[in-house]
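# Coordinate inspection notes
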Amino acid sequence: MKKGFGVIELLIAFLLISIIVAGFMNMTLMQMKNGQIEHTRLEEVQNQADEMINEIEDIRQKNLEYEEDLLNEQTQNSYE
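Residues numbered from 1 in each chain as written. Predicted model: local features only at pLDDT ≥ 70, side-chain atom pairs only at ≥ 80, totals over all residues. Heavy atoms only, no water.

### As for the overall build of the protein chain
What counts here: For the purposes of this entry, the term helix denotes a DSSP run of H or I that reaches at least four residues, the term strand denotes a run of E that reaches at least two, and both are numbered from the N terminus. Burial status follows relative accessibility: with a 1.4 Å probe on protein chains alone, a residue under 20% of its type maximum counts as buried, one over 50% as exposed, and anything between as partly exposed.
Helix and strand counts for the protein chain stand at 2 helices and 2 strands. For the protein chain, the α and β elements follow one another from N to C terminus as α-β-β-α. The burial tally for the protein chain puts 4% of its 80 residues in the buried class.

Structure representation (structure tokens):
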């Protein structure tokens with residue numbers, strides 16, 4: 001006879017409990033802004049993260065362009 005729960009049964013139970021809790025939370029996150037807790041929707045946080053990623057990519061691109069300009073100036077100065 002089998003006694004107690006196995007590891008797989010416990011993992012499945014944990015997964016189901018997590019899904020239920022996430023459903024009750026209505027896919028919201030809690031963030032601290034100005035010392036106060038605010039609930040934000042997951043989509044808003046994802047949009048904020050996407051904007052930050054786009055800004056980082058823009059900065060990287062500008063840095064690459066700046067480095068290329070510096071290299072071009074150095075090569076032009078070395079030919080003169």
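### With respect to a nonpolar patch on the surface
The test is simple: What goes into a patch is any residue over 30% in relative accessible area without a salt bridge, connected to like charges within 9 Å or, for nonpolar side chains (Val, Leu, Ile, Met, Phe, Trp, Tyr), within 5 Å. The Shrake-Rupley method, run with a 1.4 Å probe sphere, supplies the accessible areas, and residue values consider only the shown protein chains as cover. Within this document, salt bridges are pairs made up of a side-chain nitrogen of Lys or Arg and a carboxyl oxygen of Asp or Glu, the two lying within 4 Å of each other.
Among the surface-exposed residues, Ile8, Ile12, Leu15, Leu16 and Ile19 lie close enough to one another that they form a single nonpolar patch of about 510 Å² accessible area. Look at Ile8 and you get exposed, because its relative accessible area is 60%.

### Some details on a negative patch on the surface
In plain terms, the rule: Only four residue types enter the tally: Lys and Arg on the positive side, Asp and Glu on the negative side, with His and both chain ends excluded. Just so you know, the charge point we use is NZ for Lys, CZ for Arg, CG for Asp and CD for Glu.
Negative charge collects at one region of the surface, where Asp50, Glu51, Glu55, Glu57 and Asp58 lie side by side. If you trace the backbone, Asp50 turns up in helix H2 (residues 42-79). The class for Asp50 is partly exposed, based on a relative accessible area of 32%.

### Observations concerning the confidence of the model for the protein chain
The criterion, for reference: Here pLDDT means the predictor's own confidence in every residue, given as a number from 0 to 100.
Residues of the protein chain with pLDDT of at least 70 account for 70%, and the chain-wide mean is 77. For the protein chain, per-element mean pLDDT is lowest for strand E1 (residues 28-33), which scores 58, and highest for H2, which scores 85.

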